[in-house]
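If you want the building blocks of each chain, they are given just below.
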Amino acid sequence: MLDADFFRRWMTATAASVDREAERLTALDSPIGDADHGSNLQRGFTAVIATLEKEAPDTPGAILMLAGRQLISTVGGASGPLYGTLLRRTGKALGDAAEVGEEQLAEALRAGVDAVMQLGGAAPGDKTMIDALVPAVDALGDSFGAARAAAEQGALATTPLQARKGRASYLGERSIGHQDPGATSSALLIAGLVEAADE
Ligand code: ADP
Ligand code: MG
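First, a word on scope: everything that follows refers to the structure included in this document. (Residues numbered from 1 in each chain as written. Chains lettered and ligands numbered in written order. Predicted model: local features only at pLDDT ≥ 70, side-chain atom pairs only at ≥ 80, totals over all residues. Heavy atoms only, no water.)

## Examining the site of ligand 1
Condition: Here a residue is near a molecule or strand as soon as one of its heavy atoms is found within 4 Å of it. N or O atoms closer than or at 3.5 Å make up a polar contact, with two conditions inside protein: a donor-capable atom paired with an acceptor-capable one, and, for residues adjacent in sequence, both atoms drawn from side chains. In this description, accessible areas are obtained by the Shrake-Rupley approach with a 1.4 Å probe, and a residue is regarded as covered only by the protein chains that are shown. Numbering of helices and strands runs from the N terminus, with a helix taken as a DSSP run of H or I at least four residues long and a strand as a DSSP run of E at least two residues long.
Neighbouring ligand 1 are 20 residues, the closest being His37, Asn40, Ala78, Ser79 and Asp180. Here Gly120 contributes a backbone N or O atom positioned 2.9 Å from a nitrogen atom of ligand 1. Within the side chain of Arg167, one N or O atom sits 3.3 Å away from an oxygen atom of ligand 1. Contact with the protein chains removes 92% of the 570 Å² of surface that ligand 1 exposes when unbound. Elements with a minimum of two residues in the shell around ligand 1: α2 (37–55), α4 (79–94) and α8 (181–198). Examining the composition of the shell around ligand 1, we find that 3 residues originate from one element, α8, more than from any other.

Structure, rendered in C-alpha cells:
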C-alpha cells in the first residue's frame, strides 16, 4: 500500500529532478517556446515542497490536492494550470483514504490525465505532456518502472511531431524536430514514482 509518506517522497523526488533538469527543460522550451519551462516548474515545485512542510497534509489525496493548488497559483505558464489540474484531480480521485493501492493510484492518475486533456484540449500526438502521460498511465498497471519507461519513450517520440497545442503550435511545421519540454518534465514526474517506491 502507498501511504502519505510515499506521496511526500514522490513530490520531493520530482522537485529534486526538476531542480537538476531545469536548465535542460528551459533549453528544450527555447526553440519551440519562450524558454521558461524549467524555471516555471522549479518555482512551482519549490513552492509545493514548502507548502507541504508547512501545512503537513496527512493523506495521499490531500497531499496531491495541495500540491496541485500550489502549482496553479505559482506557475505562470500554461504548464501550471495543467500540472495543477493533473495533481488536484488525481488527489480528488484518491479521496481521504490513509493508504491507497497501486491500482487505485493508476485509476486516479487516469482521471487526472483525462482532466488535463479536457482543460487543454490536447490529444495524444499533439506534442504535449499528454504524449508522456497517457502511455505512462497505460503502463502503470504493470509497474512504476514500466510507467517510467513508457513516459520517457513518449517524450522522445514527440520530436518528429508537429505541435498542435500550446505555444509551440504557433510555429507550425517548424516545431518538428524538437522534443517537447512538457512531455520531458512529465517523464520526470513519473520517474519520481519509482524513486518514491525505492526509498
Ligand atoms: P508556456 O507555454 O506558457 O510558456 P511552459 O513553458 O511552462 O508554459 O510549458 C510548456 C509545455 O506545456 C509544453 O511543452 C506542453 O507540453 C505543455 N502544454 C502547452 N499547452 C498544452 C495543452 N493545451 N495541453 C497539454 N499540454 C500543453
Ligand atoms: Mg514556456
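Having seen it, we continue.
## Considering a positive patch on the surface
For clarity, the cut-off: Like-charged residues are merged into a patch within 9 Å and nonpolar side chains (Val, Leu, Ile, Met, Phe, Trp, Tyr) within 5 Å, provided each residue has over 30% relative accessible area and no salt bridge. For this analysis, a salt bridge means a side-chain nitrogen from Lys or Arg found within 4 Å of a carboxyl oxygen belonging to Asp or Glu. The sign given to each residue is positive for Lys and Arg and negative for Asp and Glu; His and the chain ends receive no count. Each charge is placed at NZ for Lys, CZ for Arg, CG for Asp and CD for Glu.
A surface patch of positive charge is lined by Arg69, Arg88, Arg89 and Lys92. The element contributing the most residues to the positive patch is α4, with 3 residues.

## A short note on unusual backbone geometry
For clarity, the threshold we go by: Burial classification: accessible surface area is computed with a 1.4 Å probe over protein chains only, and a residue below 20% of its type maximum counts as buried, one above 50% as exposed, and the rest as partly exposed.
Although it is not a glycine, Ala35 sits at a positive phi angle of roughly 55°. Position of Ala35 among the secondary structure elements: in the loop between α1 (4–28) and α2. A residue is classified by how much of its surface remains accessible, and Ala35, at 35% relative accessible area, is partly exposed. For Ala56, which is not a glycine, the phi torsion comes out positive at approximately 45°. Assignment of secondary structure puts Ala56 in the loop between α2 and α3 (60–74).

## Quick notes on the packing of aromatic side chains
The test is simple: Aromatic rings from Phe, Tyr and Trp, taking only the six-membered ring of Trp, are treated as a pair when their centres fall within 6.5 Å; an angle between ring planes under 30 degrees marks them as stacked, one over 60 as edge-to-face, and anything in between as tilted.
Scanning all chains against the criterion turns up 3 aromatic pairs. Judged by centre distance (5.2 Å) and plane angle (80°), the ring pair of Phe6 and Phe7 falls under edge-to-face. Considered together, Phe6 and Phe7 belong to a single accessibility category, that of buried residues. For the ring pair Phe6 and Phe144, a centre distance of 5.8 Å and an interplane angle of 20° mean the geometry is stacked. Here Phe6 is found in helix α1, whereas its partner Phe144 is found in helix α7 (residues 144–156), with 138 residues between them in sequence. Assigned by exposure class, Phe6 and Phe144 land together as buried. Of the aromatic side chains, those joined through ring pairs into one cluster are Phe6, Phe7, Trp10 and Phe144.

## Examining the coordination of the magnesium ion (ligand 2)
Ideal geometry at a metal gives 109.5 degrees between four tetrahedral donors and either 90 or 180 degrees between six octahedral ones. The test is simple: Shown as donors are all N, O and S atoms within 2.8 Å of a metal ion, widened to 3.2 Å for Na, K and Ca; because water is not in the atom set, sites may appear incomplete.
Asp29 (OD), Asp34 (OD) and Asp36 (OD) make up the full set of protein donors to the magnesium ion (ligand 2), lying at 2.0 to 2.3 Å. Taken in sequence order, the residues that donate to the magnesium ion (ligand 2) follow the motif D-x4-D-x1-D.

## Brief notes about the pattern of salt bridges
Oppositely charged side chains can form a pair if their charged atoms are brought close together. One pass over the structure, following the stated rule, counts 5 salt bridges. Note that Glu21 and Arg24 form a salt bridge whose closest N and O atoms lie 2.7 Å from each other. Pair noted here: Glu21 and Arg24 are both in helix α1, with a separation of 3 residues, about one helical turn. Exposure remark for Glu21: the relative accessible area of 22% places this residue in the partly exposed category. Looking at Arg24, the relative accessible area reads 40%, which means it is partly exposed. Notably, a salt bridge pairs Arg164 with Asp126, separated by 2.7 Å at the nearest N-O pair. Of this pair, Arg164 sits in the loop between α7 and α8 while Asp126 sits in the loop between α5 (102–120) and α6 (130–139), and the two are 38 residues apart along the sequence. Its relative accessible area of 53% is what places Arg164 among the exposed residues. Residue Asp126 is classed as buried on the basis of its relative accessible area, which comes to 8%.

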